[in-house]
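# Examining the three-dimensional arrangement
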Amino acid sequence: MYGPPAGRRYREFSWVGNIPPLRFHDIFVVSRESVYMPTPSSVDQLREASSLPEWVTPYVAALIDNHASLVVSVARASGRGIGYLPKQELRYKCGERPVFDLLELYCAEHGIEPRITEQSGTTYRRFKLVLSSRSDIVDFLNPLRPYFVVQDRAVPLLVETLIPGLNHRAHTDEESFLAWVRILQTFREEVGRANRAKYDYEFFCDELDVDPDQIHSQSFEWINNDTPARAIAEVSKCERVTVVDTLEGLTETDDSPRWIVPYVAALVDVHFDFVIKIGEQESRAVGYKIDHTLQYKAEGESIIRLLEQFLAELGIEPRIQEQDETTYEHYELIIGRRDDITKLLEVVRPYLLVRGEAVGMLINEILPAMNAGAHSERDTFVELIGDIEAFREAAGRANRGEYDQEYFRDKWELNSG
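Reference entry: report on the structure contained in this document. (Residues numbered from 1 in each chain as written. Predicted model: local features only at pLDDT ≥ 70, side-chain atom pairs only at ≥ 80, totals over all residues. Heavy atoms only, no water.)

## Focus on the packing of aromatic side chains
Summed over the entire model, instances satisfying the criterion amount to 23 aromatic pairs. Centre to centre, the rings of Y92 and F100 are 5.7 Å apart; their planes meet at 35°, and the pair counts as tilted. Taken individually, Y92 and F100 each receive the classification buried, so the pair is uniform in this respect. Relative to F204, the ring of F177 has its centre 4.9 Å away and its plane inclined at 85°; by these criteria the two rings are edge-to-face. On the criterion of sequence distance, the pair formed by F177 in helix α7 (residues 174–191) and F204 in helix α8 (residues 201–208) is long-range, its members being 27 residues apart. Take F177: its relative accessible area is 0%, and that puts it in the buried class. In this structure F204 comes out as buried when scored by relative accessible area, which is 0%. Three or more aromatic residues joined by ring pairs make a cluster, and in this case those are Y288, F381, Y403, Y407, F408 and W412. (Phe/Tyr/Trp six-rings, centres within 6.5 Å; stacked < 30°, edge-to-face > 60°. Buried < 20%, exposed > 50% of the residue type's maximum accessible area, 1.4 Å probe, protein only. Helix = DSSP H or I, 4+ residues; strand = E, 2+ residues; numbered from the N terminus.)

This is how it looks when you write it as C-alpha cells:
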C-alpha cells in the first residue's frame with residue numbers, strides 16, 4: 001500500500017492532518033526497490049498494461065493537490081427551485097500531452113470520461129481536463145485523498161458534504177440551501193483565491209430574507225453524524241493542523257514514505273522550472289557564466305514545507321523566497337548547487353514521464369562536464385552550449401536562451417566542423 005490504511009489516525013492528530021508519517025531512512029535505496037519503480041515506464045507501456053501501477057496514484061495526486069482548480073459556483077436559474085443553481089467543476093491544465101494521456105488512463109481505470117481540450121498558440125500548446133459530473137469528481141478524488149497535503153481539508157468538504165448535499169437536493173429549499181452555502185463559504189476559503197464569488201452566505205440570507213442565526217449544523221440533513229464531514233462542517237470546532245505540525249517528529253516511525261517519492265516526482269516532472277542561463281561575466285575565464293537552477297513556485301506554504309523536509313533528508317538545503325502581493329502571497333523554492341540538483345533528480349528520475357530525457361542530459365552530460373571545467377575553455381564551452389541547447393529543447397519552452405552555439409562560434413571564430 002502506498003497510502004495510509006483507511007481510518008488510521010497518526011499520532012495525536014485528527015483526520016484533518018491527513019499526511020502519512022514520513023521516514024526517509026535511505027531514500028536513494030528505497031527509490032530503487034522494484035516495488036517503487038515505474039513499471040511499465042512510459043505512457044505507451046502503461047496503456048498496454050492490465051492495470052496502472054501503484055505509484056501512479058500519488059503522482060496524479062500531486063498534480064491535482066497543487067495545481068488543479070476545485071470550483072463550486074452558484075448562478076441564477078429562474079424557474080429552478082429557489083432560483084439558484086449550484087455547479088461544480090474540477091479543472092487541471094498544463095502544456096504536457098503525456099500528463100493528459102496518463103490522466104485519461106487514470107480516469108478510464110475508475111470509469112470516468114473526462115473532457116480534455118487543447119489550446120494552441122504560436123509558441124505553445126496547453127491542455128485542459130474538466131470534470132463536471134458530481135459522481136465523476138467524487139470517483140476521481142477519492143483514491144487520491146490519502147496523499148493530499150494542500151487540499152486535505154477542502155476535498156473532504158467537497159466530496160463528503162457539498163456534493164452529497166446537492167445529491168440530496170439541499171439546493172431546493174431555503175434552509176438547507178443556506179446551510180449548504182455556509183459550508184461552501186468555508187470550502188472557498190480553503191481552496192484559495194480561485195473560488196471567489198459575488199454570491200456568499202450573507203448575500204443569500206438577505207436575498208431570501210432569512211435570519212442567519214436560524215441556520216445551524218442541524219440543517220445539514222445529508223451529513224452522517226459519525227463521519228469526519230460532520231466535524232469539518234462545524235468549522236469553529238475543528239483544530240487547524242498545519243503540515244509542518246503534522247510532519248514534525250514523524251520521521252522515526254516504522255512506515256516507509258513510499259508515496260512521497262512519486263508525489264514529489266510529479267511536481268518535478270511537470271511543474272518545476274529547469275533553468276539554465278548564460279550571461280556575461282568578465283571575471284570568468286571565457287567571459288561568460290552558466291547558471292543552473294531548479295525552481296518551484298507555490299501559493300501556499302504547505303507544499304513548500306513538505307518539499308523542504310523531503311530535501312533536508314537528502315542533504316539538500318534549498319533557498320526559499322516568500323513574496324507578498326496585494327491579493328495573495330506565494331513562495332519560490334530554488335535549488336542551485338550541482339550536487340543538490342543531481343541528488344534530487346537521481347531520486348525522482350524513475351518516475352519521470354515528461355522530462356526523463358532532459359534530466360538524463362542534465363545529470364549525465366551537462367553537470368558532469370561543468371564539474372570537469374568544460375565551461376572554462378572556449379572549445380569545450382561551445383560543445384557544452386550544444387548540450388544545453390538540446391536540453392532546452394527537451395525540457396520545454398521555459399528554457400529559451402539568448403545565446404546559442406552559433407553565437408559563440410561566430411564570436412570566437414571557431415570552426416563549426
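## Regarding the sheet that holds strand β8 (residues 329–335)
Strand order in the open sheet formed by 4 strands is β5-β6-β8-β7, and the pairing between neighbours is antiparallel. In this open sheet, the two edge strands, each paired with only one partner strand, are β5 (273–280) and β7 (319–324). For this sheet the average axis-to-axis angle between neighbouring strands, irrespective of direction, equals 30°. (Pairing = 2+ DSSP bridges. Axes fitted to C-alpha atoms, helices over the stretch in contact; angles between N-to-C directions.)

## Focus: empty space enclosed by the protein
Under the criterion given, the structure shown has 1 cavity of 30 Å³ or more. In this structure, the largest cavity spans a volume of roughly 40 Å³. As for the largest cavity, its lining consists of F274, V275, I276, H292, T293, L294, I341, L362 and F391. If you list the elements that add at least two residues to the lining of the largest cavity, you get β5 and β6 (288–298). (1 Å grid on protein atoms, 1.4 Å probe; cavity = no way out; pocket = protein on both sides within 12 Å on 5 of 7 lines; lining within 4 Å. Points joined across faces, edges and corners; volume = space filled by probe spheres on them.)

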